[in-house]
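Remarks on the overall topology
Spelled out, the chains give:
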Amino acid sequence: MEKIVVIGLGLIGGSLALDLKQHMECEVYGIDKNPDHIKKAKALGIIDDEIDFSEIKNASVVIISVPVDVIPKVALEVLNVISEDTLVFDVGSVKNNICVAIEKHTKRKNYVAAHPLAGTEYSGPEAAILNLFDSKVNIICESDKSDWKILDKALSLFKKLNMRIKLMNPVEHDRHIAYVSHLSHVSSFMLGKTVLEIEKNEQAIFDMASTGFASTVRLAKSSASTWTPIFLQNKENLIRSLEEYIKNLNEFKEMIETDNSEALTETMKSTNYIKTILNGIK
C-alpha cells in the first residue's frame, strides 16, 4: 500500500489525489495551511486524512502542489526529511527557479520537476475532478538529475493516469509556457477588465456575451492567488511576450483607424494558420 502525501489541496493537488486513489492501491494524506481545505478534502474523499509535516519521512511519494513562489522553499524542506526511496515531484508551471534552488541538495536525485498541462479556471479542493490528466502532456525537466529508479517510479505513476511525457530544459520550458499559457491568462484577465470598465451595464454583458466572449474570457475566472506568483516568477519571459502582444495590438488598432481592410484581412488570414498547428496536436 503506497503512502502518498499531497502538499497543497487545490485543483491540481486534489485532482491528482483523486486519480491516484482510483488507479492504484494507496492511502493519500494531505497537508495544507488552510484548515478549510483540509476539512473539504476529507469530506470530498480527496484525502484519507491530514498528516503532519514531520511524518513525510514515511511517505513513498510526496507531491508538492503549492503556489510557484513557495515551491522552492517547500521542496528543500521536503528533501531534508524524506527517506532514500521517496519520490518527490512538484506540479508548478514555472520550473527554472525550482531546479536552481534544489540543484545542490544531497537528495536532488529523489526529485522530479514536473508540469502537467492540465487545469480549469476553478480553484480549491471542491474544484478537484477525476481524469483531469487523462491524455494530457506532462513536461519533465532535468530528468537526467533524477535517480533512474525514482524517475521510473514517477513515469509509472504518470502512465497510470494516461499522461503523455515530454522532456524539456527548464529555461526553454519557462520561455515556451510564457507564450502559450501565461500570456493567454494575462489576455483573458485584461479582456475581462476592459469590458467591466467600459460596459457598466452588467445585464448587457450577461445578455449579449456570445460563446466567443465567454470562451475568451474564461481564464479571467482563475484564482488571483495562483496566477500572481506565476506571472512574477516568470516575469522576464512574460514581459517579452507582452511586448510583442502589445505591438501587435497597436498595429491592429492602426489598421482599423486607417481603414486598411487589406492589411486587416491579410493579418487575420495569416493568423488562421494557428488552426493547422492546433488541429495537428494529438
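Right, let's walk through the structure included here.

About the cut-offs
- Per chain, residues are indexed from 1 in the order of the written sequence.
- Local features in a predicted model are, by the rule used here, given only for residues with pLDDT of at least 70; side-chain atom pairs are given and counted only at 80 or more, and totals for whole chains, interfaces and linings are based on all residues.
- Water and hydrogen atoms were dropped before computing side-chain values, which therefore reflect all heavy atoms in the structure.
- Strands here are runs of E lasting at least two residues and helices are runs of H or I lasting at least four, both read from the DSSP assignment and numbered beginning at the N terminus.
- Here the globule rule reads 2.2 Å times residues to the power 0.38, and the radius of gyration is calculated from C-alpha atoms.
- We call a residue buried when its accessible area falls under 20% of the maximum for its residue type, exposed when it is over 50%, and partly exposed in between, using a 1.4 Å probe and counting protein chains only.
- The contact rule is simple, with two residues in contact once any of their heavy atoms fall within 4.5 Å.
- Only the protein chains shown count as cover for residues, and the accessible areas themselves come from Shrake-Rupley with a 1.4 Å probe.
- Counted as positive: Lys and Arg. Counted as negative: Asp and Glu. His and the chain ends are not counted at all.
- Where a charge lies is defined by one atom per residue type, namely NZ (Lys), CZ (Arg), CG (Asp) and CD (Glu).
- The span you would expect from a helix comes to 1.5 Å times its residue count less one.
- Definition of nonpolar core: a set of buried residues of the types Ala, Val, Leu, Ile, Met, Phe, Trp, Tyr and Cys, connected through side-chain atoms within 4.5 Å.
- Ring geometry is summarised as follows: Phe, Tyr and Trp rings, the Trp one being its six-membered ring, pair when their centres sit within 6.5 Å, and such pairs are stacked at plane angles under 30 degrees, edge-to-face over 60 and tilted between the two.
- Both a distance and an angle decide whether a charge sits over a ring: NZ of Lys or CZ of Arg must be within 6 Å of the ring centre and within 35 degrees of the ring normal.
- Whenever two N or O atoms come within 3.5 Å, that pair is a polar contact, provided that in protein one can donate a hydrogen and the other can accept it, and provided that, for residues adjacent in sequence, both atoms are side-chain atoms.

Our next topic: the overall build of the chain. When helices and strands are counted, the chain shows 12 helices and eight strands. In summary, the chain has a C-alpha radius of gyration of 21 Å against a globular reference of 19 Å for 282 residues, a match within 12%. Overall, the C-alpha framework of the chain stretches about 65 × 40 × 30 Å when taken along its three principal axes. Scored against the burial criterion, the 282 residues of the chain give a buried share of 44%. Residue pairs at least 24 apart in sequence account for 74% of intrachain contacts in the chain once pairs closer than 6 positions are excluded. Of the roughly 15600 Å² of accessible surface on the chain, 55% is carried by carbon and sulfur atoms. Charged side chains of the chain number 33 positive and 39 negative; the gap between the two group centres comes to 3 Å.

Here helix 1 (residues 11–23) contains 13 residues, and its C-alpha end-to-end distance of 18 Å stays within 8% of the 18 Å for a straight helix at 1.5 Å per residue. Of the residues making up helix 1, those classed as buried are L11, I12, G13, G14, S15, L16, A17, L18, D19 and L20. The inward-facing, buried residues of helix 1 contact strand 1 (2–7), strand 2 (26–31), strand 4 (61–64), strand 5 (87–90) and helix 5 (148–160).

On to the nonpolar core. With 36 residues, the main nonpolar core has I4, I63 and F89 as its most contacted residues. Per element, the largest residue contribution to this core is six residues, and it comes from helix 1. When neighbours within four sequence positions are excluded, F89 is seen to be in contact with L16, V61, V62, I63, I64, V112, A114, L157 and F158. Residues V5, I56, V68 and C141 belong to the second largest nonpolar core, which totals 32 residues.

So, about the packing of aromatic side chains. In total, this model carries three aromatic pairs according to the counting rule given. Through successive ring pairs, a cluster of aromatic residues spans F189, W227 and F231. Across from the ring centre of Y29, 5.5 Å away, lies the NZ or CZ of K3, which sits over that ring.

On to the environment of S222, then. With respect to the helices, strands and loops of the structure, S222 is situated in the loop between helix 8 (211–216) and helix 9 (224–233). Take S222: its relative accessible area is 9%, and that puts it in the buried class. When the C-alpha positions of S222 and E121 are compared, they lie 4.4 Å apart, and in sequence the two are 101 residues distant. Once residues within four sequence positions are removed from consideration, S222 is found in contact with E121, H185, F189 and W227. Of the polar contacts made by the side chain of S222, one reaches the backbone oxygen of L219; its length is 2.7 Å.

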